[in-house]
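Reading the structure
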Amino acid sequence: MSRGSIFAVFILVDLAIVTGVLWCVFLHIPVSKYLVAAILLFVLNGAWLVVMTVRKTPPGV
């Protein structure tokens, strides 16, 4: 998986999380039901991006 495709997956997952949050907002679901899950998903997605970028970076760069 190239760096570009890793970043593309990161962006797509972030957009999916935002879409889910907006969907919950428009359905008038209480924020307490989805806020923690959304934050956790954003953090896990960021951690995945860091791990995959470090794994794909050659040593000495």
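Right, let's walk through the structure included here. (Residues numbered from 1 in each chain as written. Predicted model: local features only at pLDDT ≥ 70, side-chain atom pairs only at ≥ 80, totals over all residues. Heavy atoms only, no water.)

Residue placement: Asn45 occurs in helix H2 (residues 31-56). Setting aside chain neighbours within four positions, we find Asn45 in contact with Phe10, Val13 and Asp14. (Helix = DSSP H or I, 4+ residues; strand = E, 2+ residues; numbered from the N terminus. Contact = heavy atoms within 4.5 Å.)

Take helix H1 (residues 3-26) next. Between its terminal C-alpha atoms H1 stretches 35 Å, which fits the 34 Å expected from 24 residues at 1.5 Å a residue. Of all the positions in H1, only Ile6, Phe10, Asp14, Ile17 and Cys24 are classed as buried. Next to the buried residues of H1 lie H2. With its phi angle positive at about 60°, His28 sits one or two positions after the end of H1. (Expected span 1.5 Å × (residues − 1). Buried < 20%, exposed > 50% of the residue type's maximum accessible area, 1.4 Å probe, protein only.)

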